[in-house]
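Residue-level structure breakdown
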Amino acid sequence: MINGGDEPQEVVGPVIRPRRLRRTPALRRLVGETSVQASQLVLPVFVREDISEPVPISSMPGVVQHTRDSLKKAASEAADLGLGGIMLFGIPSTKDATGSGAIDPSGILNLAINDVVAEVGESLSVMSDLCLDEFTDHGHCGLLTPDGEVDNDKTLAAYAAMAIAQAEAGVDMVGPSGMMDGQVAVIRRALDAGEHSRVSILAYSAKYASAFYGPFREAVNSTLDGDRRTYQQDPGNVREGVREALLDVAEGADIVMVKPALAYLDVVRRVRDAVDVPVAAYNISGEYAMVEAAAANGWIDRDAAVLETLTSIRRAGADVILTYWAADAARLLAR
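Notes on the structure follow.

Procedures and definitions
- Residues numbered from 1 in each chain as written.
- Predicted model: local features only at pLDDT ≥ 70, side-chain atom pairs only at ≥ 80, totals over all residues.
- Heavy atoms only, no water.
- Salt bridge = Lys/Arg side-chain N within 4 Å of Asp/Glu carboxyl O.
- Helix = DSSP H or I, 4+ residues; strand = E, 2+ residues; numbered from the N terminus.
- Buried < 20%, exposed > 50% of the residue type's maximum accessible area, 1.4 Å probe, protein only.
- Phe/Tyr/Trp six-rings, centres within 6.5 Å; stacked < 30°, edge-to-face > 60°.
- Lys NZ or Arg CZ within 6 Å of the ring centre and 35° of its normal.
- Axes fitted to C-alpha atoms, helices over the stretch in contact; angles between N-to-C directions.
- Contact = heavy atoms within 4.5 Å.
- Patch = residues over 30% accessible without salt bridge, like charges linked within 9 Å, V, L, I, M, F, W, Y side chains within 5 Å.
- Areas by Shrake-Rupley, 256 points an atom, 1.4 Å probe, with all protein chains shown as cover.
- Core = buried A, V, L, I, M, F, W, Y, C linked by side-chain atoms within 4.5 Å.
- Right-handed = clockwise from strand over helix to strand, strands pointing away.
- Pairing = 2+ DSSP bridges.

Enumeration over the complete set of coordinates arrives at 13 salt bridges. One salt bridge in this structure joins Lys72 and Asp69, with 3.6 Å as the shortest N-O distance. With Lys72 and Asp69 both in helix H2 (residues 68-80) and three residues apart, this pair spans about one turn of that helix. Using a relative accessible area of 26% as the deciding quantity, one classes Lys72 as partly exposed. With its nearest N and O atoms 2.4 Å apart, the salt bridge here joins Arg331 to Glu77. Of this pair, Arg331 sits in helix H11 (residues 326-334) while Glu77 sits in helix H2, and the two are 254 residues apart along the sequence. Owing to a relative accessible area of 36%, Arg331 belongs among the partly exposed residues under this scheme.

This is the structure:
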């Protein structure tokens, strides 16, 4: 400003200057509040029966349906990168009304568990999706009544059998994702009664009926008829998500999860504040696809967006993040 038209007015600077701590990369690292480590990341992978080469997933650039051999290579790489875990999803060549391939010891998912455990030993936490949707011809997460409704309690019996099959294949952690009432308690009892008390449970506790699952359904060759709104949660409900997480902890869950992540960061925070077990969040296929599409068009800096996205999920309170970027993020973090 000019005083009287010719003299510059003295500028009195602020005493408190937050920018001092942003001046250099070293200072920014020193006072950083939230970080992402490779050990906090879990890589979801798809393994498909009866293919001889990995099959690209068009809506998820860079992600494939693996063969059993290529899956072992991906798992070995994940271990070398220091990732916290790998989550396996199986895609059978045939499906039926009861999802029998999920329980068959020779089913693709159970074989894949055995393959990966043999490949990585204890250097990587081996996790498996515990749900029927990839194995049923109707695409729902449970068994159906004659009128087409998902039968909660009959589905629980199938989940218990599926948990035993996965445990006998050598899995470290099962991930019940079907949102059936009482699923964690039934699975915990089955595992303990079957002398598999060492197997832990990552409960998909607050899983919402989201519009962002589309690419995943391509990835697992989904045959879903209808929707899952009678068992997945309404996107507008927060308290319900917290309640589900608390129920799962009471039933024996070792980790609880919120899915999706980005549109539900407030739920992640509320769950984190409510429970005393680790909290996971699933950075899902649609969230991945949006960033990849924008980056492919040159609209955003992909690598920076990936790390910013994962940091936001950690900042909301997630201890563990399932993300298709896990391997890429580990490489970026190592730079």
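Moving on from the model shown.
It is worth spelling out the packing of aromatic side chains at this point. Summed over all chains, the structure comprises nine aromatic pairs. Summarising the aromatic geometry, the rings of Phe46 and Tyr324 are spaced 6.0 Å apart at their centres and angled 20 degrees between planes, so their arrangement reads as stacked. With Phe46 in strand E3 (residues 41-48) and Tyr324 in the loop between strand E12 (320-323) and H11, the pair connects residues that are 278 residues apart, well separated along the chain. Taken individually, Phe46 and Tyr324 each receive the classification buried, so the pair is uniform in this respect. Judged by centre distance (4.3 Å) and plane angle (20 degrees), the rings of Tyr208 and Tyr264 are stacked. Highlighted residues: Tyr208 in the loop between strand E9 (200-207) and helix H6 (214-219) and Tyr264 in the loop between strand E10 (255-259) and helix H8 (265-274), separated in sequence by 56 residues. As far as burial versus exposure is concerned, Tyr208 and Tyr264 are alike and both buried. Among the aromatic residues, ring-to-ring pairing joins Phe46, Phe89, Tyr204, Phe216, Tyr282, Tyr288, Tyr324 and Trp325 into one connected group. The ring of Tyr282 has Lys259 lying over it, and the distance from NZ or CZ to the ring centre is 4.3 Å.

This part takes up the packing of H8 against helix H10 (residues 302-316). In the contact formed by H8 and H10, the axes pass within 8 Å of each other and the chain directions differ by 35 degrees. Judged by residue contacts, Leu265, Val268 and Arg269 of H8 engage Ser312, Ile313, Arg315 and Ala316 from H10.

So, on to a nonpolar patch on the surface. A contiguous nonpolar surface patch, about 280 Å² in accessible area, is contributed by Leu21, Leu30 and Val31. Residue placement: Leu21 occurs in the loop between strand E2 (7-8) and helix H1 (25-30). Among the residues examined, Leu21 registers a relative accessible area of 44% and is labelled partly exposed.

Further remarks concern the environment of Pro260. Within the secondary structure layout, Pro260 lies in the loop between E10 and H8. Expressed as a C-alpha distance, the spacing of Pro260 and Ala281, which sit 21 residues apart in the sequence, is 6.9 Å. Among all residues touching Pro260, those that are not within four sequence positions of it are Tyr208, Ser210, Tyr213, Tyr282, Ile284 and Glu287.

With that settled, the discussion passes to the nonpolar core. Counting 102 residues, the largest nonpolar core has Phe46, Leu83, Leu88, Leu202, Val271, Tyr282 and Leu322 as the members making the most contacts within it. Considering every element that reaches this core, the biggest residue donor is helix H4 (residues 152-169), with eight residues. For Val271, the residues in contact, after removing those within four places along its chain, are Gly241, Val242, Ala245, Val256, Val258 and Val279.

So, about the pairing of E9. With eight of eight residues buried, E9 is to be regarded as a mostly interior element. For the segment spanning strand E8 (residues 173-176), helix H5 (residues 183-193) and E9, crossover handedness is right-handed. Strand direction decides the pairing type here: E9 and E10, joined by five bridges, are parallel. When the bridges of E10 are listed, Ala203 appears paired with Val256.

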